[in-house]
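Structural overview for review
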Amino acid sequence: MAHRKARERDMLDSVYSMLALVFILVACVELCDAATVVDVYRLIQYDISGVPFGSRLASLNHHAGSLHFSPGADLSRTVVMIPVRELNISFVTEYVSRKHPLGGMLFLLPEIFRLENGGGGKDVREKEVVKNVLLELEKLLVHAKLPYPVYFAFENDEIDAVLDDVKKNDATGQPATATTGGYKLVIPIAEPKKVASPTITNIQGWLQGLKADGDANQLPTIAIVASYDTFGAAPALSVGSDSNGSGVVALLEVARLFSLLYSNPKTRGRYNILFGLTSGGPYNYNGTHKWLRSFDQRLRESIDYAICLNSVGSWNNELWIHVSKPPENAYIKQIFEGFTNVAEELGFKVGLKHKKINISNPRVAWEHEQFSRLRVTAATLSELSAAPELLESTGGLHFVDETSFIRSVQLVAESLAELADHTDEVIMQHEVLDGMFTFYDSTKASLNIYQVASVTFDLLLLLVLGSYLIVLFSFLVITTRGLDDLISLFRRPPSRKVEVSQEKLANDNYECVMV
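Per an unreviewed UniProt entry, the protein chain goes by Nicalin and derives from Citrus sinensis.

This is the structure in structure tokens:
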């Protein structure tokens with residue numbers, strides 16, 4: 001009897017092992033068909049003085065949906081895929097402002113906005129429309145606190161095919177769920193961590209002017225400055241072509257031209273020219289502040305004026321000079337008249353905007369204001385007629401106009417040439433960004449898109465596999481041990497009391513026989 005029980009136990013263990021295998025196979029069905037893998041770029045996450053902004057989560061594991069969802073649908077476990085070409089900004093505004101629950105958002109950018117494509121494309125009108133939508137979208141997202149993951153990705157054939165399927169399902173009233181199946185978007189990434197003590201780097205170049213024979217006085221200095229940092233909705237995509245990449249490239253081109261001019265003593269001007277590439281521009285021009293504070297007092301006092309270049313690559317027919325000192329100031333008049341004369345020759349206009357600064361207000365709207373706070377005359381040349389708000393001048397996802405940029409370089413170079421560079425010295429300065437700004441990592445990830453089956457399919461598969469294994473097991477038991485052993489597996493084993501009674505009866509019968 002003990003041997004029989006051991007055999008029954010072994011067969012039951014085999015059954016349990018097969019059933020466990022079935023459940024493992026069913027559990028893996030959802031993850032066995034990967035549709036595609038794409039690079040995605042997370043919406044910025046940051047804090048200002050402890051106040052959180054941006055996307056607060058990074059990991060993602062929800063079904064995909066589209067803008068064709070049914071009214072009143074529960075999207076708390078749905079990642080909405082939104083092509084920027086078809087973006088309804090009112091939808092995003094409603095969900096962000098009213099804090100509706102969402103599983104996440106995935107914005108699909110046109111291929112023309114890839115950096116390697118250089119913003120090219122034949123349909124200029126379409127590019128301008130998408131660019132304006134992106135600007136509005138960036139401003140909305142970066143100033144909101146979003147308790148779910150938000151990512152950007154570029155369109156391609158694979159992701160377009162996935163989106164088409166998702167739209168069809170949503171249009172028929174069958175959005176992707178655990179019951180109906182569909183596509184699942186998965187980003188297996190650790191939760192973002194704070195970036196400890198972000199470093200900012202300032203770079204300066206120096207072109208020595210030519211003193212007249214016997215002149216013992218220190219030569220005056222003109223500073224040409226541009227901030228090279230950018231701020232955008234997706235840090236990994238923030239190329240900053242016009243915020244402020246255009247200003248940086250304009251500065252470098254002016255430096256190259258004046259290097260050729262100053263390399264010859266006959267054409268070297270009687271001004272020193274100081275070039276500065278500063279960091280931390282979006283953050284109250286923090287790098288400019290630290291750079292100026294590091295100056296020797298004599299150098300600072302030798303600066304006649306500074307010209308700051310900001311967003312000079314996407315204008316039409318007018319640029320603006322922004323100043324803090326009154327227009328009657330001698331140096332301000334000199335700057336404005338020089339730029340106006342050259343602009344007329346080139347066929348466009350330069351306007352003047354005067355705005356006093358409030359020393360007690362920590363907000364620094366323009367880079368020249370950091371100079372003005374130290375009593376150094378300065379002006380900002382920009383295509384913007386008014387200063388953007390803090391972290392409003394986003395420029396990560398659009399490109400410059402080549403013609404506008406070339407004209408900006410001509411304006412600056414020819415205006416300075418009337419005053420009249422070979423760079424004698426280049427210095428790099430490393431500083432730590434002020435503590436009011438906190439940033440987080442995990443700015444780029446890989447998105448896995450899986451085509452998952454419905455629960456109905458899983459149950460059907462389970463039934464088929466289970467039936468197959470039961471038939472196979474029954475066949476093996478019958479052929480190796482016989483039909484009786486198979487039937488005995490399904491018989492109820494006798495209770496302990498019955499076994500004791502049977503044993504006692506057997507003993508009594510044995511005693512009777514002996515007597």
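Quick notes on the overall build of the protein chain
Looking only at helices and strands, the protein chain features 13 helices and 19 strands. Within the protein chain, buried positions represent 46% of all 515 residues. In the form shown here, the protein chain has an accessible surface area of approximately 26500 Å², with 56% of it arising from carbon and sulfur atoms.

Here's the deal with helix α4 (residues 157-171)
Helical geometry: 3.6 residues make up each α-helical turn, so side chains three or four residues apart lie on a common side. Taking 1.5 Å per residue as the helical rise, α4 with its 15 residues ought to reach 21 Å, and the 21 Å between its terminal C-alpha atoms agrees with that figure. Those residues of α4 that sit buried are Ile159, Val162, Leu163, Val166, Lys167 and Asp170. When α4 is viewed along its axis, its buried side chains cluster within an angular range of 140° and face the same direction. The outward face of α4, more than 90 degrees from its buried face, is lined by the exposed residues Asp157, Lys168 and Ala171. In this structure asparagine 156 caps α4, since a side-chain oxygen of it lies 3.2 Å from the backbone nitrogen of glutamate 158. Within two residues after α4, glycine 173 carries a phi angle of roughly 80°, on the positive side.

Some points on the confidence of the model for the protein chain
Confidence along the protein chain averages 78 in pLDDT terms, with 72% of residues attaining 70 or more. Across residues 28-33, where pLDDT falls below 50, the model places 13 contacts with residues more than four positions away in sequence or in other chains. Between residues 419-423, whose pLDDT stays under 50, and residues either more than four places distant or in other chains, the model counts 32 contacts.

Some thoughts on a nonpolar patch on the surface
Taken together, the side chains of Tyr468, Leu472, Phe475 and Leu476 make up a nonpolar region of the molecular surface, amounting to roughly 410 Å² of accessible area. Mapped onto the secondary structure, leucine 472 falls in helix α11 (residues 455-481).

Quick word on the nonpolar core
One finds Val92, Phe107, Leu141 and Phe152 to be the most contacted residues of the largest nonpolar core, which totals 40 residues. The set of elements that each furnish at least two residues to this core consists of β2 (45-48), β5 (78-83), α2 (89-97), β6 (104-109), α3 (124-142), β8 (150-154) and β18 (437-439). Of the residues forming this core, the biggest block, five residues, is contributed by α3. Look past the residues within four positions of phenylalanine 107 in its chain and what remains in contact with it is Ile82, Val84, Leu87, Val92, Leu137, Leu141, Val150, Tyr151, Phe152 and Ala153. Membership of the second largest hydrophobic core comes to 30 residues, among which are Leu207, Tyr262, Ile273 and Ala343.

Here we look at the packing of aromatic side chains
Evaluation of the coordinates by the stated rule reveals 12 aromatic pairs. Judged by centre distance (6.0 Å) and plane angle (50°), the ring pair of tyrosine 305 and tyrosine 331 falls under tilted. On the criterion of sequence distance, the pair formed by tyrosine 305 in strand β13 (residues 303-310) and tyrosine 331 in helix α8 (residues 330-346) is long-range, its members being 26 residues apart. A network of ring pairs unites the aromatic residues Tyr46, Phe53, Phe231, Tyr283, Phe437 and Phe439 as a single cluster. Sitting above the plane of the tyrosine 440 ring, arginine 56 keeps its charged end 5.2 Å from the centroid. For lysine 353, the ring lying beneath its charged end belongs to tryptophan 320, and the centroid distance is 4.7 Å.

Cut-offs and rules
Residues numbered from 1 in each chain as written. Predicted model: local features only at pLDDT ≥ 70, side-chain atom pairs only at ≥ 80, totals over all residues. Heavy atoms only, no water. Helix = DSSP H or I, 4+ residues; strand = E, 2+ residues; numbered from the N terminus. Buried < 20%, exposed > 50% of the residue type's maximum accessible area, 1.4 Å probe, protein only. Areas by Shrake-Rupley, 256 points an atom, 1.4 Å probe, with all protein chains shown as cover. Expected span 1.5 Å × (residues − 1). Arc of directions from axis to C-beta. Polar contact = N/O pair within 3.5 Å; in protein donor to acceptor, adjacent residues only side chain to side chain. pLDDT = per-residue confidence, 0-100. Contact = heavy atoms within 4.5 Å. Patch = residues over 30% accessible without salt bridge, like charges linked within 9 Å, V, L, I, M, F, W, Y side chains within 5 Å. Salt bridge = Lys/Arg side-chain N within 4 Å of Asp/Glu carboxyl O. Core = buried A, V, L, I, M, F, W, Y, C linked by side-chain atoms within 4.5 Å. Phe/Tyr/Trp six-rings, centres within 6.5 Å; stacked < 30°, edge-to-face > 60°. Lys NZ or Arg CZ within 6 Å of the ring centre and 35° of its normal.

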